[in-house]
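# Fold and geometry: a report
Chain by chain, the residues run as shown.
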Amino acid sequence: MLARYSTIRYYGTTEIVIKKSRFIGHAKPVESEEEAVAFIEELKKKYWDATHNCSAYLIGERDQFQKALDDGEPSGTAGKPILEVIKHRGLKNVAVVVTRYFGGIMLGAGGLVRAYTDGAVAGIDAAETIVKVLHREVIVDVDYTWYGKLENELRGRGFRVGEVAFTDRVRVQCLPEAGEAVRFQAWITDVTQGQALIEQGAEMYFIQGD
């Protein structure tokens, strides 16, 4: 799994007008090719009366799933520019659709490329770019006498903490960045003078800064 990657936070849409044609940019985070195709089909049904619904998506750690669709525009003037915007922004797991309502003025090949590029940029900007960072779950089990010190140390170092369970002992769900997990466990052992029981859990992504 990637240590971190850029994507978008949520579905975003906005409209721009170029030479009387309306271009509506839509962008959505997706986790699979099936989800991307479903999103594109949903918008094609919603905007059934549009002249074109051109699209592109880029999915996977190695960008292994990618596709660009011109939807009736001249080959290479719509889907490819949309895909290039996604790549230029360094985004992953994103689907973008640019809906066009023709305004009566021909744009030419170069004009179409610029228009669909601008439509994709507008949609992505409306969806808010974020960075997802891979974290490793580390469960720290301590006696109550150590919990106060552990809590203070975790807060002081700014580590992400999840659920805390209080039973006969205290179990703290710690969430250091995956690349720091081994050093984190060594640090916990030092902080608790070897009195903590440490269990490594699953990897999961969190949004940087949230």
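Worth saying up front: this structure is predicted, and the values here are computed from it rather than measured. (Residues numbered from 1 in each chain as written. Predicted model: local features only at pLDDT ≥ 70, side-chain atom pairs only at ≥ 80, totals over all residues. Heavy atoms only, no water.)

### Let's talk about the packing of aromatic side chains
Filter applied, for reference: Here a pair means two rings of Phe, Tyr or Trp (six-membered ring of Trp) with centres within 6.5 Å. Their orientation is stacked below 30 degrees between planes, edge-to-face above 60, and tilted elsewhere. We count a stretch as a helix when DSSP gives it H or I for four or more residues in a row; a strand needs E for two or more, and each element gets its number in order from the N terminus. Think of it in three bands: with a 1.4 Å probe and only protein chains considered, a residue is buried below 20% of the maximum accessible area for its type, exposed above 50%, and partly exposed in between.
Applying the stated criterion across every chain yields a total of 8 aromatic pairs. Where Phe 23 meets Tyr 116, the ring centres are 5.3 Å apart and the plane angle is 90°; that geometry is what we call edge-to-face. Highlighted residues: Phe 23 in strand β3 (residues 21–29) and Tyr 116 in helix α3 (residues 108–127), separated in sequence by 93 residues. Accessibility expressed as a relative area gives 0% for Phe 23, which makes it buried. Residue Tyr 116 is classed as buried on the basis of its relative accessible area, which comes to 0%. An aromatic cluster is defined as three or more aromatic residues linked by ring pairs; in this entry it consists of Tyr 144, Tyr 147 and Phe 166.

### So, helix α4 (residues 144–157)
Our working rule: One fewer than the residue count of a helix, multiplied by 1.5 Å, yields its expected span. Two residues qualify as a contact provided that any one of their heavy atoms is within 4.5 Å of a heavy atom in the partner residue.
The end-to-end C-alpha distance of α4 is 21 Å, a good match for the 20 Å that 14 residues give at a rise of 1.5 Å each. Every buried residue of α4 is accounted for by Trp 146, Tyr 147, Leu 150 and Leu 154. Turning to α4, the residues buried within the fold contact β7 (129–142), β8 (161–166), β9 (170–174) and α5 (181–191). Positive phi shows up at Gly 158, right after α4, with a value of about 75°.

### Some thoughts on the sheet that holds strand β2 (residues 12–18)
Cut-off, in case you're wondering: Strand pairing follows a simple DSSP-based rule, namely that at least 2 bridges must link the two strands. Lines fitted to the C-alpha atoms define the axes, with helices restricted to the stretch that makes contact. Angles between their N-to-C directions range from 0 to 180 degrees.
With antiparallel pairing, 5 strands are arranged side by side in an open sheet as β2-β3-β6-β4-β5. A strand with exactly one partner marks an edge of an open sheet, and here the two such strands are β2 and β5 (65–69). Within the sheet, the average angular offset between the axes of one strand and its neighbour, ignoring direction, is 15°. For strand β4 (residues 52–59) and β5, the ladder comprises 5 bridges, and the chain directions are antiparallel. Paired with Ile 59 across the bridge in β5 is Phe 65. The sheet strands contacting α3 are β2, β3, β4 and β6 (94–101), and the helix crosses β2 at an angle near 150°.

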